[in-house]
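So the chains spell out like this:
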Amino acid sequence: MITYKYETHLHTNQGSACGRAGGQEYIEPFFKAGYSGIFVTDHFFGGNTAAPRTGNWIDRIDVYCSGYEAALKKAQAFNKENGLLGTDREFKVFFGIEQTFDGDDYLIYGLDKHWLYDHPELENWRHEELFEAVNREGGLMIQAHPFRLRGYIRAIHLHPRDVHGVEIYNAGNRAFENDLAEHYAREYDFPMTSGSDIHWVEFIPNAPDKLNIGGMEFDTPLKDVFDYVERIKNKEGRILR
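Residues numbered from 1 in each chain as written. Predicted model: local features only at pLDDT ≥ 70, side-chain atom pairs only at ≥ 80, totals over all residues. Heavy atoms only, no water.

Engineer: Would you mind going over the environment of Tyr35 with me for this structure?
Structural biologist: When you line up the elements, Tyr35 lands in strand 2 (residues 35-40). The spatial distance from the C-alpha of Tyr35 to the C-alpha of Thr3 is 9.3 Å, given a sequence separation of 32 residues. At a separation of 2.8 Å, a polar atom in the side chain of Tyr35 contacts the main-chain carbonyl oxygen of Gly214. (Helix = DSSP H or I, 4+ residues; strand = E, 2+ residues; numbered from the N terminus. Polar contact = N/O pair within 3.5 Å; in protein donor to acceptor, adjacent residues only side chain to side chain.)

Put into structure tokens, the structure is as follows:
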């Protein structure tokens, strides 16, 4: 049976200060590893962003989105060169955001560059304000790696009233942190997702039969971001780990 795997949590060096690979570098390795697409979720201005901290808002958003745009451009060329355009094997690149508050991180799906252009006030929003906005736009807000605790994270914060779901597998987490996330999600009956939280290309397996690094698997290809949003809210898809 043919299935379709998607990386849901990915960082580029154009949009994330901690990223080690450009968006364009991920396309062929992920395709060779058996994935059908990626969501670029660079760190937004509350986190470890590569965009300027000050200056013109539009210019800052342009820098922030440049990793996604580099990945999209490369994917379009790759699909054309390999005769994949319009087929089920076409490699997709989708836009996402990772926003950080007090050490708690959220993956946002369903907002785009033009929406960001129009909402400079979001830089000062709390998590509940962001959730309300994402909800109004029909998007999806997932708490990423909710039980991760590191030196740069002061405390674990959970906001079950202000998320649509929980990332229960993150390849950068320790096993017990993922286990706690899954327990939390099941107790609150949340939709669950998985992602690698990848920052460099070498983390990608070099063949489809290698161990999955994370992501979501579906029986049919995703049409767009909102197709993904709907499927996750409906608790469709399989966790890769």
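And the narrative resumes.
Engineer: Looking at this structure, I do not really get the pattern of salt bridges. What am I missing?
Structural biologist: Any two side chains of opposite charge can pair, on the condition that their charged atoms come close. Scanning the entire structure with this criterion turns up 15 salt bridges. Here Asp227 makes a salt bridge to Arg231, at a shortest N to O gap of 3.0 Å. In this pair, Asp227 and Arg231 both sit in helix 6 (residues 225-233), 4 residues apart, roughly one turn of the helix. Overall, the relative accessible area of 13% leaves Asp227 in the buried class. Three or more residues are tied together by salt bridges with common partners; here these are Asp62, Glu69 and Lys113. (Salt bridge = Lys/Arg side-chain N within 4 Å of Asp/Glu carboxyl O. Buried < 20%, exposed > 50% of the residue type's maximum accessible area, 1.4 Å probe, protein only.)

Engineer: Help me out: how do you make sense of a negative patch on the surface in this one?
Structural biologist: A contiguous patch of negative charge on the surface is contributed by Asp112, Asp118, Glu121 and Glu137. With respect to the helices and strands, the residue Glu121 is situated in the loop between helix 3 (113-117) and helix 4 (127-136). Judged by its relative accessible area of 35%, Glu121 is partly exposed. (Patch = residues over 30% accessible without salt bridge, like charges linked within 9 Å, V, L, I, M, F, W, Y side chains within 5 Å. Areas by Shrake-Rupley, 256 points an atom, 1.4 Å probe, with all protein chains shown as cover. Lys, Arg positive; Asp, Glu negative; His and termini not counted. Charge placed at Lys NZ, Arg CZ, Asp CG, Glu CD.)

Engineer: How should I be thinking about the pairing of strand 2 in this particular structure?
Structural biologist: Here is the key point about a regular strand: its side chains alternate between the two faces of the sheet. Within strand 2, 6 of the 6 residues are buried, which leaves it mostly tucked inside the rest of the structure. By the bridge criterion, 4 bridges tie strand 1 (residues 4-10) to strand 2 in an arrangement that is parallel. Looking across to strand 2, one finds that Tyr6 is bridged to Gly37. In this fold, the crossover linking strand 1 to strand 2 by way of helix 1 (residues 27-32) has right-handed handedness. Of the pairings in the sheet, the one linking strand 2 to strand 3 (residues 92-100) comprises 4 bridges and is parallel in character. (Pairing = 2+ DSSP bridges. Right-handed = clockwise from strand over helix to strand, strands pointing away.)

Engineer: What is the right way to read the packing of aromatic side chains from this model?
Structural biologist: Each aromatic ring pair is summarised here by two numbers: the centre-to-centre distance and the angle between the ring planes. In this structure the tally under the stated criterion is 24 aromatic pairs. With a centroid separation of 6.5 Å and an interplanar angle of 80 degrees, the aromatic rings of Phe44 and Trp57 are classed as edge-to-face. Taken together, the residues Phe44 in the loop between strand 2 and helix 2 (57-81) and Trp57 in helix 2 connect sequence positions 13 residues apart. Consider the rings of Trp200 and Phe203, whose centres lie 5.8 Å apart with planes at 65 degrees: the pair is edge-to-face. Since its relative accessible area comes to 30%, Phe203 is described here as partly exposed. An aromatic cluster of at least three residues, connected via ring pairs, comprises Tyr6, Phe39, Phe94, Tyr109, Phe218 and Tyr228. Across from the ring centre of Tyr35, 4.7 Å away, lies the NZ or CZ of Lys5, which sits over that ring. In this structure, Arg231 is placed above the aromatic ring of Phe218, and the distance from its NZ or CZ to the ring centre is 5.1 Å. (Phe/Tyr/Trp six-rings, centres within 6.5 Å; stacked < 30°, edge-to-face > 60°. Lys NZ or Arg CZ within 6 Å of the ring centre and 35° of its normal.)

Engineer: Is there a simple way to explain the side chain of Arg60 in this structure?
Structural biologist: By the secondary structure assignment, Arg60 is in helix 2. Polar side-chain contacts of Arg60 include one of 2.7 Å to the backbone oxygen of Pro52. Contact partners of Arg60, with chain neighbours within four places excluded, come to Phe45, Ala51, Pro52, Arg53, Thr54, Gly55 and Glu123. (Contact = heavy atoms within 4.5 Å.)

Engineer: Any chance you could explain the sheet that holds strand 6 (residues 165-170) here in plain terms?
Structural biologist: Pairing within the open sheet is mixed, and its 9 strands lie in the order 7-6-5-4-3-2-1-8-9. The two strands at the open ends of the sheet, each matched to only one other strand, are strand 7 (192-195) and strand 9 (238-240). With direction set aside, neighbouring strand axes in the sheet form an average angle of 35 degrees. Strand direction decides the pairing type here: strand 6 and strand 7, joined by 4 bridges, are parallel. (Axes fitted to C-alpha atoms, helices over the stretch in contact; angles between N-to-C directions.)

Engineer: Help me understand the pairing of strand 5 (residues 140-144), please; the structure alone is not making it clear to me.
Structural biologist: Counting buried residues in strand 5 gives 5 out of 5 residues, a clear majority hidden from the surface. Examined bridge by bridge, strand 4 (residues 105-109) and strand 5 share 5 bridges and lie antiparallel to one another. Looking at the pairing, Ile108 lines up with Met141 of strand 5. Sheet analysis places strand 5 next to strand 6, joined by 2 bridges and oriented parallel. Note on strand 6: the bridge partner recorded for Gln143 is Val166.

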